[in-house]
Amino acid sequence: DLELPVEHATLTVAPIVPPPIVRDHPAKVIVTLETIEKVGRLSDGVEYTFWTFGGQVPGNFIRIREGDHVEFNLNNHPSSKMPHNIDLHAVTGPGGGATSSFTAPGHSSRFSFKALNPGLYVYHCATAPVGMHIANGMYGLILVEPEEGLPPVDKEYYIMQSEFYTKGSYGEEGLQPFDMAKALSEIPDYVVFNGAVGAIAGDNAMRADVGESVRIFVGNGGPNLVSSFHVIGEIFDKVYVEGGDMVNHHVQSTLIPAGGSAVVEFLVDVPGTFILVDHSIFRAFNKGALGMLKIDGDEDLAVYSGKQEDSVYLPEGGGIQSIAERGSVSVKAKSKEERILFGERTYAQNCMACHQSSGQGIPGAFPPLAGSDYLLSSPNRSIDVLLHGLSGEIVVGGQSYNGVMPAVQLSDESIANVLTYVLNSWGNNGGVILPEQVIERRT
Ligand code: HEM
Ligand code: CU
């Protein structure tokens, strides 16, 4: 131990990873990590009192080499209200270091360990109540590089998934306290990458160029959930399963247990924004587990063409079909205003998919209803279109359309409402259609 060269570990903040270790011999590596409790952003308008390793969630990335002797210093900031310690899964010994690192606010603890096994390991606080210390943000990753090092890649990133259990539900504003009952029943309000909703999205997205190889060190802090980690539109060329040295190839989604990790690698072949998710998909789109990797560079149309065509699909040969009413109206409108209001709902459920939210249609496929001369010149004809469907060539706003609109199975009341809504929206010139007019056209 005494003859080993001494160096201080470079610690980084997610998603940055310290540079690869180039030395071919062990060293004595001094790691100094500070625990600090601080208020930060969990989502827009939502704050949380995080308990952290290094001032952010997840904690600093630590990179050492197999065979290194690590002198570990844990400093608990004097402003902390709680004692903390650290359990590093890379440590062979009681508590993974926790039994030697219990540290009161304003104190510092030291212990040493030898990194016997290479791999990507989670570390976390293990002070009682353990679940609460982890739920508040106390976890990070330590990489023990194998003696021979990892194969070089162009980009390396650090991501850690975890959940937050708050008194308020997802998105409820203000400083949100920890909710023990939700944590016990394992129903989080937030599931996030790197400690906050959007931490690696938008302007904070990770980046790479077409042709580069990307390696992501992915951890799961839990405290409870298992992650089904997936990158939409990419296939992992390699996964170091569970952060060990078994490599699987051509993987779509990899399971990462709470308190576990994986290393994923892929070559980026085409440009675009690739979305990282926990494929337990409500977590991604409704609880925050969504990140982005932006790839710049030239298209490769042989690998991915982009949209080549949008045309009408008529498997039954073009006979007019009919679609059943969705969102039926049981209440009769008492005024034009109510007719417009009810009609707006009918439109959203029965028409919007084709004619679009502002009635603008889709060029070449679905004619516009906004400013449509076809519609406005003859409201009776539009009643017929809804009752019986429409096919064959028509001209709307000087553009020709030759598609098929199915008859919509709406009540007289709903047809009157939706057409009144259309006539009074998006700059159209007004008017009312009454159910009596619809009844008249039915016969
Ligand atoms: C045509 C209204 C639902 C596809 C039309 C027209 C009207 C209209 C007034 C005549 C052309 C124009 O004025 O632009 C409505 C309303 C709907 C509805 C109020 C809901 C109640 C749909 C849906 C589809 C669709 C769900 C797609 C499945 C079409 C097509 C045409 C058309 C393709 C042109 C037909 C042709 O080329 O002959 N629609 N529409 N419409 N609609 Fe709809
Ligand atoms: Cu702690």
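Provided above is the structure to which this section pertains.
Residues numbered from 1 in each chain as written. Chains lettered and ligands numbered in written order. Predicted model: local features only at pLDDT ≥ 70, side-chain atom pairs only at ≥ 80, totals over all residues. Heavy atoms only, no water.

J.: I would appreciate a short explanation of unusual backbone geometry in the present structure.
T.: A negative phi angle characterises most non-glycine residues, just as the trans form characterises most peptide bonds. The peptide bond linking Val 57 to Pro 58 adopts the cis configuration, its omega dihedral lying at -5 degrees. Of note, Pro 58 is situated in the loop between β3 (46–53) and β4 (62–65). A cis amide bond links Gly 222 with the next residue in sequence, Pro 223, at an omega value of 15 degrees. Within the secondary structure layout, Pro 223 lies in the loop between β14 (213–222) and β15 (227–231). Notably, Asn 194 is not glycine yet its phi reads approximately 55 degrees, a positive angle. Position of Asn 194 relative to the elements: it lies in the loop between β12 (190–193) and β13 (206–209). (Helix = DSSP H or I, 4+ residues; strand = E, 2+ residues; numbered from the N terminus.)

J.: What exactly am I supposed to notice about the pairing of strand β8 (residues 119–124) here?
T.: Consecutive side chains along a regular strand alternate between the two faces of the sheet. Among the 6 residues in β8, 6 count as buried, and that is most of the element. The side-chain alternation of β8 yields two buried faces, one formed by Gly 119, Tyr 121 and Tyr 123 and the other by Leu 120, Val 122 and His 124. Two elements, strand β6 (residues 87–88) and β8, share 2 bridges in a ladder whose sense is antiparallel. Opposite Asp 87, over in β8, you have His 124 as the bridge partner. As paired strands, β8 and strand β9 (residues 139–145) are joined by 6 bridges and run antiparallel to one another. If you follow Tyr 123 over to β9, its bridge partner there is Gly 140. (Buried < 20%, exposed > 50% of the residue type's maximum accessible area, 1.4 Å probe, protein only. Pairing = 2+ DSSP bridges.)

J.: Is there a simple way to explain the site of ligand 1 in this structure?
T.: Inspection of the region around ligand 1 gives 28 residues, with Cys 351, Cys 354, His 355, Pro 368 and Met 405 positioned closest. Between ligand 1 and the protein, one listed contact pairs an oxygen atom with a backbone N or O atom of Gly 392 at 2.7 Å. Contributions of two or more residues to the shell around ligand 1 are made by α5 (352–355), α6 (373–377), α7 (379–388), β23 (390–391), β24 (394–396) and β26 (404–405). For the shell around ligand 1, the element with the most residues is α7, which contributes 3 residues. Grouping the constituent residues of the shell around ligand 1 by class yields 20 nonpolar, 8 polar and no charged. (Near = heavy atom within 4 Å. Polar contact = N/O pair within 3.5 Å; in protein donor to acceptor, adjacent residues only side chain to side chain. Nonpolar A, V, L, I, M, F, W, Y, C, P; charged D, E, K, R; others polar.)

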